[in-house]
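Here are the chains, one letter per residue:
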Amino acid sequence: MSKKEIVNFHEKVKKHLTTYKADKYPSMKNGIWRPKSINKELGYAFSNYREDYKFNILEKYRDQFYNSELSKIKKHIYFHHLNSSQAMCINFFYPLIVENQLHLLSEFLGFKNEKIEKKTAVFEKDSPIDSIGKYRPTNFDFYFKTESGKEFYFEIKYTEGQFGKAKNDQDHISKYEAVYKHNMQVIANEYTNKDTFFSHYQIIRNLIHVGDDKYVVFLYPKENKKINQQASKAKTNILKEAYQANLYNTYWEDIYNYISTNLKGEALKNQMIEFGEKYFVKATD
């Protein structure tokens, strides 16, 4: 994997979203790169974070989403960028919730006889492991639970360059000692020490939620080579062998293809067409 491959994927998506924004929202100003002193326009971002962010949710379910309890979440700082993975997550999963077609997700993951409890489906799910004391909990982009008790935690990626690392500073050391060091039963021994943990911070924070009837899903584009590489390492190296089947490394193209092929209802079908158009997602062969 070359640096050029990584740059090409990111730039291709940003170019596409710049054209998409110009076509769909021709009267809306472009965003400005932070800090504003650089004064660089971003054609793939809306200009007003506090107001324009709402247009990053596709129109068909936009009002319904913002009028629902599921919208009462903390928006990411770059939610007004069209390549926001948080907005992408909502645009894909929210319609499945309201149209009662969540079963397609469990079927896609290989659990055809599992019924999802609709009321458990949420965005920005706080971790049950590190939501303690003064520490900021891990947030999963999407989560649901089945009637039989199986839990699914989704980490969504789009144009992110990599899974996050952490500084070896006092705050992170304190949390490692208080929380993480005692919750790495599913992690291979060579990845449980402090320095290695910080180098694979976001991945391991996610993976510790794997367990009996507990599954983590990494969802990312096939062409995002760096994320793809890190997710593969997470499954084959970082997780202990006994738990590797509980991590799903999933391409956006594959889940999009399955859902689009099997869903019912014109509104939802049109939503998926618009989703594919916006996010440059195509079904795999």
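So, how was this worked out
- Residues numbered from 1 in each chain as written.
- Predicted model: local features only at pLDDT ≥ 70, side-chain atom pairs only at ≥ 80, totals over all residues.
- Heavy atoms only, no water.
- Helix = DSSP H or I, 4+ residues; strand = E, 2+ residues; numbered from the N terminus.
- Buried < 20%, exposed > 50% of the residue type's maximum accessible area, 1.4 Å probe, protein only.
- Contact = heavy atoms within 4.5 Å.
- Areas by Shrake-Rupley, 256 points an atom, 1.4 Å probe, with all protein chains shown as cover.
- Lys, Arg positive; Asp, Glu negative; His and termini not counted.
- Charge placed at Lys NZ, Arg CZ, Asp CG, Glu CD.
- Axes fitted to C-alpha atoms, helices over the stretch in contact; angles between N-to-C directions.
- Parallel < 35°, antiparallel > 145°, perpendicular 65-115°, else oblique.
- Left-handed = near helix turned anticlockwise from the far one by under 90°.
- Nonpolar A, V, L, I, M, F, W, Y, C, P; charged D, E, K, R; others polar.
- Phe/Tyr/Trp six-rings, centres within 6.5 Å; stacked < 30°, edge-to-face > 60°.
- Lys NZ or Arg CZ within 6 Å of the ring centre and 35° of its normal.
- Salt bridge = Lys/Arg side-chain N within 4 Å of Asp/Glu carboxyl O.
- 1 Å grid on protein atoms, 1.4 Å probe; cavity = no way out; pocket = protein on both sides within 12 Å on 5 of 7 lines; lining within 4 Å.
- Points joined across faces, edges and corners; volume = space filled by probe spheres on them.
- Patch = residues over 30% accessible without salt bridge, like charges linked within 9 Å, V, L, I, M, F, W, Y side chains within 5 Å.
- Pairing = 2+ DSSP bridges.
- Right-handed = clockwise from strand over helix to strand, strands pointing away.

A closer look at the overall build of the protein
On a plain count of helices and strands, the protein comes out with 11 helices and seven strands. Taking the principal axes of the C-alpha coordinates as reference, the protein spans close to 55 × 50 × 40 Å. Across the 285 residues of the protein, 49% fall into the buried class. Taking the intrachain contacts of the protein between residues at least 6 apart in sequence as the baseline, contacts between residues at least 24 apart amount to 67%. When the accessible surface of the protein is totalled, it reaches about 14,400 Å², and 46% of it is carbon and sulfur. Each charge class in the protein can be summarised by its mean position, and for the 45 positive and 36 negative side chains these summaries are 4 Å apart.

Some details on the packing of helix H4 (residues 85-98) against helix H10 (residues 252-262)
Between H4 and H10, whose axes approach to 13 Å, the crossing angle comes to 25°. Taken together, the axes of H4 and H10 lie roughly parallel to each other. Where H4 crosses over H10, the handedness of that crossing is left-handed. Residues Met88, Phe92, Phe93 and Leu96 of H4 pack against Trp252, Ile255, Tyr256 and Ile259 of H10. Class assignment for the residues of the contact of H4 with H10 results in eight nonpolar, no polar and no charged.

A few points about the packing of aromatic side chains
All told, the structure shown has 39 aromatic pairs when counted by the stated rule. For the ring pair phenylalanine 65 and phenylalanine 123, a centre distance of 6.3 Å and an interplane angle of 80° mean the geometry is edge-to-face. Here phenylalanine 123 lies in strand S3 (residues 122-126) and phenylalanine 65 lies in helix H3 (residues 59-66), a separation of 58 residues in the sequence. Here phenylalanine 65 falls in the buried class, since its relative accessible area comes to 0%. Pairing tyrosine 220 with tyrosine 251 gives two aromatic rings, centres 5.7 Å apart and planes at 85°, and the pair type is edge-to-face. With tyrosine 220 in strand S6 (residues 214-220) and tyrosine 251 in strand S7 (residues 247-251), the pair connects residues that are 31 residues apart, well separated along the chain. According to the relative accessible area criterion, tyrosine 220 is buried, its value standing at 2%. Directly above the ring of tyrosine 143 sits lysine 125, whose terminal nitrogen or CZ lies 4.5 Å from the centroid.

Some words on the pattern of salt bridges
One pass over the structure, following the stated rule, counts 10 salt bridges. Linking glutamate 277 and lysine 24 is a salt bridge whose minimum nitrogen-to-oxygen distance equals 3.7 Å. Linking glutamate 277 in helix H11 (residues 266-279) with lysine 24 in helix H1 (residues 3-24), this pair joins segments that are 253 residues apart in sequence. Here lysine 150 and aspartate 213 are joined by a salt bridge, their closest N and O atoms 3.8 Å apart. Taken as a pair, lysine 150 in the loop between strand S4 (139-145) and strand S5 (151-156) and aspartate 213 in the loop between helix H8 (201-207) and S6 lie far apart in primary sequence, 63 residues in all. We classify aspartate 213 as partly exposed; its relative accessible area is 34%. Shared partners join several salt bridges into a network, and the residues in it are Glu114, Lys150 and Asp213.

A look at the layout of surface pockets
Its boundaries defined by the atoms lining it, the largest pocket holds a volume of some 1,200 Å³. What lines the largest pocket is a set of 32 residues, and nearest its centre among them are His76, Ser85, Lys157, Glu160 and Gln202. Elements supplying a minimum of two residues to the lining of the largest pocket: H1, H4, S4, S5 and H8. When residues in the lining of the largest pocket are grouped by element, the largest group, four residues, is from H8.

What to know about a nonpolar patch on the surface
On the surface, a cluster of nonpolar side chains totalling about 280 Å² of accessible area is made up of Trp33, Ile77 and Tyr78. Mapped onto the elements of the fold, isoleucine 77 is located in the loop between H3 and H4.

Points about the pairing of S7
Summarising the sheet, S6 and S7 pair through five bridges and their orientation is parallel. Counterpart to valine 217 in the pairing with S7 is tyrosine 248. Read as a crossover between parallel neighbours, the route from S6 over helix H9 (residues 225-238) to S7 is right-handed.

Some thoughts on empty space enclosed by the protein
Inspection of every chain in the model, using the stated rule, returns one cavity of 30 Å³ or more. Counted as a void, the largest cavity has a volume near 30 Å³. Tyr20, Tyr25, Phe46, Phe55, Asn56, Ile57, Leu58, Leu82 and Lys278 are the residues that line the largest cavity. Here the lining of the largest cavity is composed, by residue class, of seven nonpolar, one polar and one charged.

Describing the sheet that holds S7
In spatial order, the strands read S3-S4-S5-S6-S7; together these five strands make up an open sheet with mixed pairing. At either end of the open sheet lies a strand with only one pairing partner, and these are S3 and S7. For this sheet the average axis-to-axis angle between neighbouring strands, irrespective of direction, equals 35°. Against the sheet, H9 touches S6 and S7, its axis set at about 160° to S7.

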